[in-house]
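Here is what each chain is made of, one letter per residue.
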Amino acid sequence: KNRRENEVVEEGPSWECLPQEILFHIFQYLPLLDRAYASQVCRGWNQAFHMPELWRCFEFELNQPASSYLKATHPDLIKQIIKKHSNHLQYVSFKVDSSRESAEAACDILSQLVNCSLKTLGLISTARPSFMEMPKSHFISALTVVFVNSKSLSSLKIDDTPVDDPSLKVLVANNSDTLKLLKMSSCPHVSPAGIMCVADQCHGLRELALNYHLLSDELLIALSSEKHVHLEHLRIDVVSENPGQQFHTIKKSSWDAMVRHSPKFSLVMYFFLYEEEFDIFFRDEIPVTHLYFGRSVSKDVLGRVGLTCPRLVELVVCANGLRPLDEELIRIAQRCTQLSAIGLGECEVSCSAFVEFVKMCGDRLTQLSIMEEVLVPDHRYELDDIHWEVSKHLGRVWFPDMMPTW
Amino acid sequence: MAPNSIHWFRKGLRLHDNPALREAVQGAATVRCVYFLDPWFAGSSNVGVNRWRFLLQCLEDLDANLRKVNSRLFVIRGQPANVFPRLFKEWKISRLTFEYDSEPFGKERDAAIKKLAMEAGVEVIVKISHTLYDLDKIIELNGGQPPLTYKRFQTLISRLDPPEMPVETLSDTLMGSGITPISEDHGEKYGVPSLEELGFDTEGLPSAVWPGGETEALTRIERHLERKAWVANFERPRMNANSLLASPTGLSPYLRFGCLSCRLFYFKLTDLYRKVKKNSSPPLSLYGQLLWREFFYTAATNNPRFDKMEGNPICVRIPWDKNPEALAKWAEAKTGFPWIDAIMTQLRQEGWIHHLARHAVACFLSRGDLWISWEEGMKVFEELLLDADWSVNAGSWMWLSCSSFFQQFFHCYCPVGFGRRTDPNGDFIRRYLPILRGFPAKFIYDPWNAPESVQTAAKCIIGVHYPKPMVHHAEASRLNIERMKQIYQQLSRYRGLGMRQVTKERGQWKSCYCEPIRSEHFCIFRILISRIPSVVVAPPSRSCLNVTWKHTGSRKRSPQTT
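Throughout this description, residue numbers start from 1 for each chain and increase along the sequence as written. In the order they appear in the text, chains get letters beginning with A and ligands get numbers beginning with 1. The predicted nature of this model means local features are confined to residues of pLDDT at least 70 and side-chain atom pairs, given and counted, to a pLDDT of 80 or more, with totals for whole chains, interfaces and linings taken over all residues. Think of the side-chain values as coming from all heavy atoms in the structure, minus any hydrogens and water.

As recorded by an unreviewed UniProt entry, chain B carries the name Cryptochrome circadian regulator 3a and is attributed to Nothobranchius furzeri. UniProt positions are given in the numbering used here, feature names are shortened, and annotations may be inferred rather than shown by experiment. Here chain B is described in UniProt, under the heading Sequence similarities (unreviewed entry), as follows: "Belongs to the DNA photolyase class-1 family."

An unreviewed UniProt entry lists chain A under the name F-box and leucine rich repeat protein 3, with Nothobranchius furzeri given as the organism.

Printed below as a string of structure tokens:
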């Protein structure tokens, strides 16, 4: 734009005349605060700010200064969204801190989303699960508002909440055609019957996360029925409430049915058990792909893992003890031919066995996270030269994970 | 005209390997060594009695050793910026020397003092001797940014010239004709204060497990090396119950205060290794303790917000919980987990805990169980831990809470199991938590699981004489692992400019967006690398310094970074 004192000022294209599609394209890259500043510039930009397409996704952050260091979504903004944009919202999540007030605030907002047809809803506790500390009825009624009104829920994350069997029934009654993802780990008020209702009716379910006590042979069979789509991801948390807890078994035939029906599905299992509680696990072949041992797991159990988990892709062992896992690792390298990631915490493996393990796996190991203390030097390898041997077999430079020794 | 010198002690509380001190005495007419103590600081500062005592013992020791060369230490009450101008005039100072302080606030303070000195016509000489290397050189070698992985740091170090040799100890010869004018009332005016004078109640205070001072430090290093030579191998010693206890060969507090020169330690280790192994090149792992310290100093030197989460470019923003009651229980050793409580008791009583014990309590407070901010833990360590200085303490806490430095977070230390594996008999617990002495080894790590009969026999009912466990560990760690994963997975999905990778391929700048591979547990490396583009952009000149990631569109792979 050329302006000279004597010349008439030319009217060229100016910022406020940018077409809405272009504004939208630019605005979607701006963080909300910057977008809000931009909306104050002129009427046109203010209109663009309120375009429905910009309000499809929103994450409500509900924090109290007394319990969180992070800022909350401004209450005025929340009011405005509910007033102007609640029927545009489709992908919504609530992040709440450890205070009951935040959980209740989330439910208040949920109760007002009457005009929404949400596709995605996530209730995420960023610290202690505060949804569990609020009155259950308040929570359930707020959640039910969404279940009943949305009718097109595709993804639902309600881990660590007091959701119960009746509310799951409502979910299923209204969203069985569309539900694809359901994450409900650690929902203590749900029973196996409650989750069966979901499996029986929601035939499009592709991802499911729950605790072991909800898993049953019937559930697996239902998920493998002809009417069901292929399951993609099943996550199971096995958590010990009290030491010496007994767990029920799942028949091999149920797992086989799952694999037949959904040959590519990922079975992710997180174990938080005492060493003595593994008795029933890993006795028969199980199609687990991602295995995480959050507490100590015994040498025996790891030996059984090698024998029973042919589909294993990822293995994490937080702790084992002071007996070397040489044989167990070698067996896993031999039998778990899909293994591509392994993490070892407080364990011990002799350097020679470790090199053997890596040699057998070769470059399929894309992730090898071994704490430095795990590797025990022996007659063939010292700590300082093992990383070259391993790097050679992996085809890339590798070092163990280190922790400050200050 | 022979100058009148002041040597300003801050850290570097020693007469051996002190190049700045040597500059002070070089051809000087008078030499005075000063140390500033802010008298109001003791009460209000976040420094516990063990740290103060250690410092005072260091100062006493300095004074004693200076006496041997006919000099004395001048302990000055007040702030350097306020007092120096007066001293410059009163003592007709023309030369000021001090050891370089790499910490951001140290640099700021020193810049201000340099200005004052210049205005007063005082020559300022600064020498590096608190770190092995010139940290700015390391940063320069890494393209202007400090290395954020320890491996990267080691790679850079191996390309530098070895550290400078330690210089000779201050002696009569070195002092030459320089003298220290000492007045009759030196003790009153400039003497080292006692703990009582600083406002501490010392009645019933047990004697120091870690006595401060250069003399003690030099004795210890000889013992430390003797032990290493006797063992005749330089492997990392296996952790056992004994390792948890304070060792007469432990050196970390002395390195922190500068009673022991890190360069002296470095060279003595090197000499010993060469003698014992008859091998000329010691591996980097030999200097592990020193290099970790150096790593954190390097990471912190240009980052005034290194000890904070907010506004700290290398720290991940994690939604930590604010919970003062829980924090207090941890700090006061009342968590109900004997392993954690014993460690925190040892820390408070003695001022030192083994590095694995640090990992255990740091993990418990932050990402493992309580989900409380690492900044809170750092403050407690600052108060109680003898060897915690700003850079190392903040850096270690960020590392242990998985807030930075590319640390994989899958491994969580169990507050029961980890202790039990380290000290199966539980002697460490019994030593620091006498109330639990009556418990057998089977239950001493989880006494709440002991049947009532056992508790009664031990004369300790859980919930009455000793607290119940403050969290359910399995549930807490399950939740927290999930939190961490969410955070890192979200980091990877953020499509803001900061997350873009910028690289140069065939002379062309390219920008690409990084996605994590669908892994359940291993997200960090690829995500964090993309968060700090400078690590990527730093021009690599050796093959081990490139980056790997998966592009969403083009399926290309580049070689890997460490």
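J.: Mind showing me how you'd approach the overall build of chain B here?
T.: Elements are defined by DSSP. Helices are runs of H or I of four residues or more, strands are runs of E of two residues or more, and each kind is numbered from the N terminus. For chain B, the count of helices and strands is 24 helices and seven strands. Think of it in three bands: residues with accessible area under 20% of the maximum for their type are buried, residues over 50% are exposed, and the middle band is partly exposed, with areas taken using a 1.4 Å probe on protein chains only. Across the 562 residues that make up chain B, the buried fraction comes to 59%. Accessible surface, chain B: about 23,100 Å² in total, of which carbon and sulfur atoms supply 53%. Using a 1.4 Å probe, accessible areas were evaluated by the Shrake-Rupley method; residue-level cover was limited to the displayed protein chains.

J.: Is there a simple way to explain the pairing of strand β9 (residues 290–296) of chain A in this structure?
T.: Within a regular strand, the side chains alternate between the two sheet faces. Residue and element names in this part refer to chain A. Burial analysis of β9 places seven of its seven residues in the buried class, the great majority of the element. A strand pair is defined by DSSP finding two or more bridges across the two strands. Pairing of strand β8 (residues 266–272) with β9 involves four bridges; the strand directions are parallel. Across the sheet, the residue bridging to Met269 is Leu291, located in β9. With five bridges joining them, β9 and strand β10 (residues 314–319) adopt parallel strand pairing. Paired with His290 across the two strands is Glu314, which belongs to β10. Assessed by its sense of winding, the connection that carries the chain from β9 through helix α11 (residues 299–308) to β10 is right-handed. Every crossover in which the path from the first strand over the helix to the second runs clockwise, viewed with the strands pointing away from the viewer, is termed right-handed.

J.: How do you make sense of the side chain of B:Asp341 when you look at a structure like this?
T.: Checked against the element boundaries, B:Asp341 lands in helix α15 (residues 338–350). B:Asp341 has contacts with B:Ala333, B:Lys334, B:Thr335, B:Gly336, B:Leu433 and B:Tyr466, leaving out every residue within four places of it along the chain. Here a residue-residue contact requires only that any non-hydrogen atoms of the pair lie within 4.5 Å.

J.: I keep staring at the nonpolar core and nothing clicks. Help me out?
T.: Where a protein is soluble and globular, its nonpolar side chains tend to be buried together. Nonpolar core, defined: a set of buried Ala, Val, Leu, Ile, Met, Phe, Trp, Tyr and Cys residues in which side-chain atoms within 4.5 Å join the residues together. Ranked by internal contacts, the top residues of the largest apolar core, which has 269 residues, are A:Phe94, A:Leu121, A:Phe293, A:Phe354 and B:Trp330. Dropping the residues within four chain positions of it, A:Phe293 is found in contact with A:Phe271, A:Phe278, A:Phe282, A:Leu302, A:Val305, A:Leu315, A:Val316, A:Val317 and A:Cys318.

J.: What am I meant to see in the packing of aromatic side chains here?
T.: In this description, a pair of aromatic rings is defined by centroid distance and the angle of the planes. Residue and element names in this part refer to chain A. Put simply, two rings from Phe, Tyr or Trp (the six-membered ring, in Trp's case) pair if the centres are within 6.5 Å, and we call them stacked under 30 degrees between planes, edge-to-face over 60, tilted for the rest. Tallied over the entire structure, the rule returns 55 aromatic pairs over all chains. Centre to centre, the rings of Phe271 and Phe281 are 5.1 Å apart; their planes meet at 80 degrees, and the pair counts as edge-to-face. With Phe271 in strand β8 and Phe281 in the loop between β8 and β9, this pair connects stretches of sequence that are 10 residues apart. Residue Phe271 is classed as buried on the basis of its relative accessible area of 1%.

J.: Looking at this structure, how should I read the sheet that holds strand β7 (residues 233–239) of chain A?
T.: The strands that make up a sheet are held in pairs by hydrogen bonds between backbone atoms, and each pair lies either parallel or antiparallel. Residue and element names in this part refer to chain A. Read across the sheet, 12 strands follow the order β1-β2-β3-β4-β5-β6-β7-β8-β9-β10-β11-β13 without closing on themselves; strand pairing throughout is parallel. A single partner strand is all that each edge strand has here, and the edge strands are β1 (57–62) and β13 (367–370). In this sheet, adjacent strand axes meet at a mean angle of 10 degrees when their direction is disregarded. Inter-axis angles, ranging from 0 to 180 degrees, are taken between N-to-C directions of lines fitted to C-alpha atoms, where helices are fitted over the stretch in contact.

J.: What's the story with the UniProt feature "site: Electron transfer via tryptophanyl radical" (unreviewed entry) in chain B in this structure? I'm lost.
T.: Residues and elements named next belong to chain B. UniProt marks Trp320, Trp374 and Trp397 with the feature "site: Electron transfer via tryptophanyl radical" (unreviewed entry), using the numbering shown here. A maximum C-alpha distance of 13.7 Å places the annotated residues, which cover 78 residues in sequence, within one compact spot. With respect to the helices and strands, the residue Trp374 is situated in helix α17 (residues 374–384). Trp374 gets classed as buried once you look at its relative accessible area, which sits at 0%. Leaving out residues up to four positions away in the same chain, Trp374 has contacts with Phe306, Asp307, Lys308, Met309, Cys315, Trp320, Ala394, Trp397, Met398, Ser401 and Ser403.

J.: Would you mind going over the interface of chain A and chain B with me for this structure?
T.: Many analyses report the size of an interface as the accessible area lost when the parts associate. Tallying the contact residues gives 69 residues for chain A and 65 residues for chain B. Throughout, buried area stands for the accessible area (probe radius 1.4 Å) lost by two parts on being put together, summed over both. In this assembly, chain A packs against chain B so that about 6,100 Å² is buried in total across both faces, 54% of it on carbon and sulfur atoms. Sorting the residues of chain A by area buried against chain B places A:Tyr69, A:Pro404 and A:Trp406 first, and these three jointly supply 17% of that buried surface. Any carboxyl oxygen of Asp or Glu that lies within 4 Å of a side-chain nitrogen of Lys or Arg is treated as forming a salt bridge with it. At the boundary of chain A and chain B, one finds five salt bridges. Linking A:Arg235 and B:Glu482 is a salt bridge whose minimum nitrogen-to-oxygen distance equals 2.8 Å. Contacts described as polar in this section are N or O atom pairs within 3.5 Å, which, within protein, must combine one atom able to donate a hydrogen with one able to accept it, while residues neighboring in sequence count only if both atoms come from side chains. Across the contact surface, chain A and chain B share 19 residue pairs in polar contact (both at pLDDT 80 or more).

J.: Got a minute to help me understand the pattern of salt bridges in this structure?
T.: A side chain of one charge can pair with a side chain of the opposite charge when the charged atoms of the two come close. In this structure the tally under the stated criterion is 42 salt bridges over all chains. Measuring nitrogen to oxygen at the nearest pair gives 3.0 Å for the salt bridge that ties B:Asp110 to B:Arg109. Take B:Asp110: its relative accessible area is 4%, and that puts it in the buried class. It is possible to trace a salt-bridge network through shared partners that takes in A:Asp160, A:Arg235, A:Asp237, B:Glu475, B:Arg478 and B:Glu482.

J.: Could you clarify how one ought to interpret the packing of α17(B) against helix α18 (residues 390–400) of chain B in this entry?
T.: The packing of two helices is summarised by the inter-axis angle and the distance between the axes. All names here are of chain B. Between α17 and α18, the shortest axis-to-axis distance is 9 Å and the interhelical angle comes to 140 degrees. Considering the angle they form, α17 stands oblique to α18. Between α17 and α18 the crossing geometry is right-handed. On the side of α17, the interface is formed by Trp374, Gly377, Met378, Phe381 and Glu382, while α18 contributes Asn393, Ala394, Trp397 and Met398. Of the residues contributing to the contact of α17 with α18, the split by class is six nonpolar, two polar and one charged. Throughout this description, any angle smaller than 35 degrees is read as roughly parallel, any larger than 145 degrees as roughly antiparallel, any in the 65 to 115 degree range as roughly perpendicular, and the remainder as oblique. Each crossing gets its hand from how the near helix is turned against the far one by less than a right angle, where anticlockwise is left-handed and clockwise is right-handed. Amino acids outside the nonpolar list (Ala, Val, Leu, Ile, Met, Phe, Trp, Tyr, Cys, Pro) and the charged list (Asp, Glu, Lys, Arg) are all regarded as polar, and Gly is one of them.

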